[in-house]
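The chain contents come next:
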Amino acid sequence: MRSSDDASALPAASPRHGNDIPVGQDRIFDGLADKFANSLYATARGQIRLAVLDQVLSQSLPQDGAAALDVGGGLGQMSMWLAERGHDVTLAEPSAEMLARARAEFGELPIRTLQAPIQALPELAPGPWPLVVCHAVLEWLAQPRQAVATLKSLLAPGGRLSLMVFNRDALRFSNVVKGNLDKALEDRLSGTGQRQRLTPISPLTHADIERWCREEGLVIESVAGIRIFHDYLRERAPSDAQLATIIELEKRYCQTDPHWRLGRYLHYIIRHADSAGPEETF
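Predicted model only: the values in this text are computed from it and were never measured. (Residues numbered from 1 in each chain as written. Predicted model: local features only at pLDDT ≥ 70, side-chain atom pairs only at ≥ 80, totals over all residues. Heavy atoms only, no water.)

Draft legend 1. Examining the overall build of the protein chain more closely. Of regular secondary structure, the protein chain possesses 11 helices and seven strands. A burial count over the protein chain gives 50% of its 282 residues as buried. For the protein chain, the proportion of contacts with a sequence separation of at least 24, taken over those separated by at least 6, is 73%. Summing over all exposed atoms, the protein chain offers an accessible surface of approximately 13,100 Å²; the carbon and sulfur share of this is 50%. (Helix = DSSP H or I, 4+ residues; strand = E, 2+ residues; numbered from the N terminus. Buried < 20%, exposed > 50% of the residue type's maximum accessible area, 1.4 Å probe, protein only. Contact = heavy atoms within 4.5 Å. Areas by Shrake-Rupley, 256 points an atom, 1.4 Å probe, with all protein chains shown as cover.)

Draft legend 2. Region of interest: the pairing of strand β4 (residues 129-135). Of all seven residues in β4, six are buried, a share of seventy percent or more. Where strand β1 (residues 67-71) and β4 come together, three bridges link them in parallel fashion. The residue of β4 that forms the bridge with Asp70 is Val133. In the sheet, β4 pairs with strand β5 (residues 155-166) via six bridges, with the strands oriented parallel. Bridging across to β5, Val132 finds its partner in Leu161. Between the parallel elements β4 and β5, the chain passes through helix α7 (residues 144-154) in a crossover that is right-handed. (Pairing = 2+ DSSP bridges. Right-handed = clockwise from strand over helix to strand, strands pointing away.)

Draft legend 3. Focus on the sheet that holds strand β3 (residues 112-114). Across the sheet, seven strands lie side by side as β3-β2-β1-β4-β5-β7-β6; this open sheet has mixed pairing. The outermost strands of the open sheet, each flanked by one partner alone, are β3 and β6 (218-226). The sheet shows a mean angle of 15° between the axes of neighbouring strands, direction not considered. Note: β1 against strand β2 (residues 88-92), five bridges, orientation parallel. (Axes fitted to C-alpha atoms, helices over the stretch in contact; angles between N-to-C directions.)

Draft legend 4. Quick peek at the pairing of β1. The element β1 is extensively covered by neighbouring structure, given that four of its five residues are classed as buried. Handedness of the β-α-β unit built from β1, helix α4 (residues 77-84) and β2 comes out right-handed.

Draft legend 5. Geometry of the nonpolar core. Counting residues in hydrophobic clusters, the biggest one holds 35 residues, and the most contacted among them are Leu57, Leu61, Leu82 and Ile111. Sorting elements by how many residues they give to this core places helix α3 (residues 44-60) first, with seven residues. The contact partners of Leu61, leaving out residues within four places of it in the chain, are Trp81, Leu82, Leu131, Ser162 and Ile269. Ala125, Ala147, Leu151 and Leu154 belong to the second largest nonpolar core, which has 32 residues in total. (Core = buried A, V, L, I, M, F, W, Y, C linked by side-chain atoms within 4.5 Å.)

Draft legend 6. Spatial organisation of the pattern of salt bridges. Within the structure shown, the criterion is met by 15 salt bridges. For Asp187, the salt bridge is made with Arg172, and the minimal N-O distance between the two is 3.0 Å. Here Arg172 lies in helix α8 (residues 168-177) and Asp187 lies in the loop between α9 (181-185) and α10 (206-216), a separation of 15 residues in the sequence. For Arg172, a relative accessible area of 26% translates into the label partly exposed. A salt bridge links Asp257 to Arg261, with the shortest nitrogen-to-oxygen separation between them at 3.0 Å. For Arg261, a relative accessible area of 36% puts it in the partly exposed group. Via salt bridges that share partners, Arg168, Asp169, Arg172 and Asp187 belong to a single interconnected network. (Salt bridge = Lys/Arg side-chain N within 4 Å of Asp/Glu carboxyl O.)

Draft legend 7. Fine view of the packing of α3 against helix α11 (residues 240-253). Look at α3 against α11: their axes get within 10 Å of each other, and the N-to-C directions meet at 40°. The angle between the axes of α3 and α11 places the two elements in the oblique class. In the packing of α3 onto α11, the handedness of the crossing is right-handed. Residues Ala44, Gln47, Ile48, Ala51, Val52 and Gln55 of α3 touch α11, and the partners they reach there are Leu243, Ile246, Ile247, Glu250 and Lys251. Grouping the amino acids of the contact of α3 with α11 by side-chain chemistry returns seven nonpolar, two polar and two charged. (Parallel < 35°, antiparallel > 145°, perpendicular 65-115°, else oblique. Left-handed = near helix turned anticlockwise from the far one by under 90°. Nonpolar A, V, L, I, M, F, W, Y, C, P; charged D, E, K, R; others polar.)

Draft legend 8. Structural view of α11. Taking 1.5 Å as the rise per residue, α11 with 14 residues should run 20 Å; its terminal C-alpha atoms sit 20 Å apart, in good agreement. Among the residues making up α11, those that are buried are Leu243, Ile246, Ile247 and Glu250. Down the axis, α11 shows its buried residues gathered within 100° of arc, on one side only. Within α11, the exposed residues directed more than 90 degrees away from the buried face are Ala241 and Arg252. (Expected span 1.5 Å × (residues − 1). Arc of directions from axis to C-beta.)

Draft legend 9. Inspection of the environment of Val23 at higher detail. Secondary-structure assignment places Val23 in the loop between α1 (4-8) and α2 (33-41). The exposure class of Val23 is buried, given its relative accessible area of 5%. Between the C-alpha atom of Val23 and that of Thr192, which follows or precedes it by 169 residues, the distance is 6.9 Å.

All we've got here are geometric facts, nothing functional implied.
This is the structure in structure tokens:
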């Protein structure tokens, strides 16, 4: 573990996230689309993620076909989910490669696309949007805190933000289970954004999201853990029957305390504090 003297020796311009890794820029997935698709959506992990999100979002999001902005939408899975339910969707994604892959999957779905990072959206897609979706984006940013302010600026009064982030606490737990004890003890959890590795550069905690929402005048209506059991199983390639049972367990306990707190991802439904809606219940 670095001493405080070592930490102060880092260049002042280098942001630091959670542990000892300086991060200079966002992670964009050009050149990684195949790896991303194969390591996530072509596996049980991706099926579980989409199945649990389907349940949570079907219960939480407006069913009125409201215009939706999918921020950093990657391969377009959520954009397609929204469009199939009648929403008028714009997918914004900084990676040209990911965006091209997404367009190839849309078929006849009327989804608009915009190649742009989140920082450019207040100018290029200002809205305000009744529905903003931002899933698995903040953990790839050098400055995730600023992104929360940007998302707030895009969200219409009375609108809803569907936010999902990579859970730092689950990452620590996973490292312990795998035997990476020193890494967990020293809190060396963030990735560096180098080479082909897909460890997020800015994994976040529930406390981070609570604090940033409070500072921005946002209210968390609900929270769910995504993949709270699967990643700790010994069996990495479950049969179809096993996977169906795992998905049922994931759906049943995704919003139950304490289980949701160890989801690989944390999902939030968020609104402006001055908008009518339920208060926090967790």
